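Residue-level structure breakdown
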Amino acid sequence: MPRPEAESRYRICPLCEACCGLEVQVSEGRVVAIRGDERDVFSHGYICPKGVALKDLHEDPDRLRTPLIKRDGRFVPASWDEAFAEIDRRLAPILAAHGRDAVAVTLGNPSAHKMALLLYFPRLLKALGTKNFFSASTLDQMPKQLSSGLMFGHWLSVALPDIERCDYLLMLGANPMASNGSLWTVPDFRGKLRAMQSRGGRLVVVDPRRSETAAVADAHHFIRPGSDAYLLAGIANALFDEGLVRLGRLGDHVSGLDELREALQPFAPEAVATRCGIEPATIRALARELAAAPRAAVYGRIGTCTQSFGTLTSWLVDVLNALTGHLDEPGCAMFPKAAAFAANTIGRPGSGRGITTGRHTSRVSGAPEVFGEFPMGCLAEEIETPGAGQVKALITIASNPVLSAPNGPRLSAALDALDFMVSLDIYLNETSRHADVILPGVSALEDEHYDVAFPQLSHRNHARFNEAVLPADPASQPEWLTLMRLAGIALGRGPAFDALAWDDELAAQEVRRGFGDHADAVLRAIGPRRGPQRLLDLALRSGPYGDAFGLKPEGLTLDRLIATPGGIDLGPLQPRIPELLRTPSGKVELAPPMLLADLLRARRELDEPHAQLVVVGRRQVRSNNSWMHNLPTLAKGPFRCTALVHPDDARERGLTEGDMATLESNGRRIQVQVELSDEMMAGVISLPHGWGHDLPGAQLQVAAQRPGANLNAVLDEGARDPLSGNAVLSGVPVRLSARVA
Ligand code: SF4
């Protein structure tokens, strides 16, 4: 019999922040090919090697399909009703005996790629009423969110390069040739860079490694890890010193320029050069180039966030953009206007309440709450330390902090001390192995999707929706219903209440709150949609491009998006200041007091000696989250979890290519495979994160064949940027020796 022709279906790739549109060819219910979707208005057919691995992920025999309950130390399959009955039996008494804060929640990066998880985890958090919420944001991005919030008034008002019109890009701690952007959704970065360079534009990269991006840049400068704030302060100082500050249109919309100039006085290029490892003349040249470029942007990413001065550095990136007239102008650092869910399109334009931090502090080490969460590095101590408010139970949502958070071994031991743990996950991994109940997530190919977060971070405005590529596995349960059922248990509704009806009730309440007298008309316009689709339609239709529930017939609706595979292009980024601002002053705050105070800390530490050897992380094209190491398409090829060591550093320690070596920090050690590389700045080694798949009880068979070393196991969970609580994962002093323990 001839095989029926494959049918094309479409999916926004959920594997990284670039969010490429994929064309998935399906025949007889199976995926036969995946390629870039040429019609996609945002990614135009681009795909990276990870995209095709979506088939591996869907078909992975290790991917969980049914709930699991741990009985006598072993996981056994269970029905959904049995799993929720078990959760109710064990969670409800903990809440009753120890209070709301006794249950903690962790949220991992993959949740950002699941519409249902992102829209419904707040329902669970609200129902639990716990202050103990932890997420991957304090492992990689909270400094940028905090600095953006302080300057512009909202946590997700992040300025990002308008690369298609930009002619000069200064980039720190980022490797978009491997990542295609982070806090900057920019599929096919390579193509966009080539276009920029072919119109005469320049990319300048500052990084302690000659990364894949540095290799194609027009200039690359090594920098001592952790000193980016000093370099940026030095450039800003030079701008003032040499009379190069030009605010342009922003002049009427900023506050704090004089305070900023004053605070930057001690950071002359000549003063910061030793700390950065960059010559003063180079720092001044960067200032002049930036000031002279008509359309330019400074962009800093993960390396600038995962350091002790993460927030300070993130702020200084935008300070430079502002001082050189490169903020909120075409071709410069701009703000997206997302079609739905963006707080900076809601409410009165031009001013607002701004943000606050520290509304409460963590119980053990007193870390301030930031954006509603505590640092992930605090989780273990909150579980271990007895007393009122001790964490006794944990719900993890698509998160694997045993591998992704610093000092995983301590956290792993702490998880064993919990009274109860639930994991909502697609795998039995290094973290979920500690759970008492695992609730499986839904395969991305069986799920509809709209990117809730990433259009707020995209280099071009757009809106896309995809329906499920494959029919749902009959054994699965939509993730939003899973979260609703957990929320119901947290509120004492028991394991078997009508979650659908409750969701209807909550949605109607929210519409009444949001639309007042018009609520009935809005509910009628939305019609019979339920769950995430209802929330999405509401957000689209009331959003900046929406149809206002029929008042603007040409406007966006979910129906219209569904009828437009490939999505709708909403045009290039447009200037948004002052409309975007939500600061109480209605100005861009150039000198928030919290950051000026931290500049004093930087001043005090300016002359501190640097460590002999430090470690930094490394982004790789074929990896993003730890579970990608279990996908055969991505796992094949050369072993990638190697420690890149400069030849001089290796020679000094008697190490040669391929040797196993001991890497030590904070009294803990791991064994790493050495790869000699003159990509590295001398005195800096690089090891990727998210490896270490040799822990007993996990079920990741492919990953376990080449487990790699877990860098996070030797990092210090107490080392944090004091403002944002973000973990310090970069520039950490280490020892490397030929002795293998
Ligand atoms: S770049 Fe990211 S979004 Fe695009 S195909 Fe690769 S993994 Fe998917």
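Placed above this text is the structure.
A brief structural summary.

Some points on the site of the ligand
Near the ligand the following residues occur: Cys-13, Leu-15, Cys-16, Ala-18, Cys-19, Cys-20, Ile-47, Cys-48, Lys-50, Gly-51 and Asn-180. The cavity that encloses the ligand is the largest cavity. Across the shell around the ligand, the residue classes break down as eight nonpolar, two polar and one charged.

Quick word on helix α10 (residues 228-241)
With 14 residues, α10 should reach 20 Å at 1.5 Å per residue; the first-to-last C-alpha distance of 20 Å fits that figure. Counting buried residues along α10, 13 of its 14 residues qualify, which places the element largely inside the surrounding structure.

Considering the sheet that holds strand β10 (residues 202-206)
The strand order β11-β10-β9-β13 describes an open sheet built from four strands, whose pairing is parallel. The outermost strands of the open sheet, each flanked by one partner alone, are β11 (219-221) and β13 (296-300). For this sheet, the mean angle separating the axes of adjacent strands, direction not counted, is 15°. Sheet topology places β10 next to β11; three bridges connect them, and they run parallel. From the neighbouring strand, Val-205 faces β11, where its bridge partner is His-220.

Let's talk about the environment of Ala-475
One can find Ala-475 in the loop between β20 (465-466) and α19 (479-490). Taking the C-alpha atoms as reference, Ala-475 lies 9.8 Å from Pro-440; in sequence the two are 35 residues apart. Excluding residues within four positions of it along the chain, Ala-475 makes contact with Arg-65, Thr-66 and Trp-80.

Observations regarding the side chain of Asn-237
The topology assignment puts Asn-237 in helix α10. Classification of Asn-237 by relative accessible area gives buried; the value is 9%. Within the structure, Asn-237 has its side chain in polar contact with the backbone oxygen of Leu-264 (distance 2.9 Å). Not counting residues within four places of it along the chain, the set of residues in contact with Asn-237 comprises Leu-264, Gln-265, Phe-267, Ala-268 and Pro-269.

Here's the deal with the packing of aromatic side chains
Applying the stated rule across the entire model yields 14 aromatic pairs. Ring centres of Trp-80 and Phe-84 lie 6.2 Å apart, and the angle between their planes is 25°; this geometry places the pair in the stacked category. Pair noted here: Trp-80 and Phe-84 are both in helix α3 (residues 80-98), with a separation of four residues, about one helical turn. Geometrically, the ring pair formed by Trp-184 and Phe-189 is edge-to-face, given 6.0 Å between the ring centres and 75° between the ring planes.

Regarding the nonpolar core
The biggest cluster of nonpolar side chains holds 95 residues, and the ones touching the most others in it are Leu-231 and Trp-315. In terms of residue count, the dominant contributor to this core is α10 (ten residues).

Here's the deal with the pattern of salt bridges
Scanning the entire structure with this criterion turns up 50 salt bridges. A salt bridge links Asp-40 to Arg-464, with the nearest nitrogen and oxygen atoms 3.0 Å apart. With Asp-40 in the loop between β3 (30-36) and α1 (49-52) and Arg-464 in the loop between β19 (460-463) and β20, this pair connects stretches of sequence that are 424 residues apart. Given the relative accessible area of 4%, Arg-464 is considered buried. Between Glu-289 and Arg-202 there is a salt bridge; the shortest N-O distance is 3.3 Å. Taken as a pair, Glu-289 in helix α13 (residues 280-292) and Arg-202 in strand β10 lie far apart in primary sequence, 87 residues in all. Judged by relative accessible area, which is 28%, Glu-289 ranks as partly exposed.

What counts, and at which threshold
Residues numbered from 1 in each chain as written. Predicted model: local features only at pLDDT ≥ 70, side-chain atom pairs only at ≥ 80, totals over all residues. Heavy atoms only, no water. Near = heavy atom within 4 Å. 1 Å grid on protein atoms, 1.4 Å probe; cavity = no way out; pocket = protein on both sides within 12 Å on 5 of 7 lines; lining within 4 Å. Sits in = over half its atoms within 2 Å of the grid points. Nonpolar A, V, L, I, M, F, W, Y, C, P; charged D, E, K, R; others polar. Helix = DSSP H or I, 4+ residues; strand = E, 2+ residues; numbered from the N terminus. Expected span 1.5 Å × (residues − 1). Buried < 20%, exposed > 50% of the residue type's maximum accessible area, 1.4 Å probe, protein only. Pairing = 2+ DSSP bridges. Axes fitted to C-alpha atoms, helices over the stretch in contact; angles between N-to-C directions. Contact = heavy atoms within 4.5 Å. Polar contact = N/O pair within 3.5 Å; in protein donor to acceptor, adjacent residues only side chain to side chain. Phe/Tyr/Trp six-rings, centres within 6.5 Å; stacked < 30°, edge-to-face > 60°. Core = buried A, V, L, I, M, F, W, Y, C linked by side-chain atoms within 4.5 Å. Salt bridge = Lys/Arg side-chain N within 4 Å of Asp/Glu carboxyl O.

Keep in mind these values describe shape, not function.
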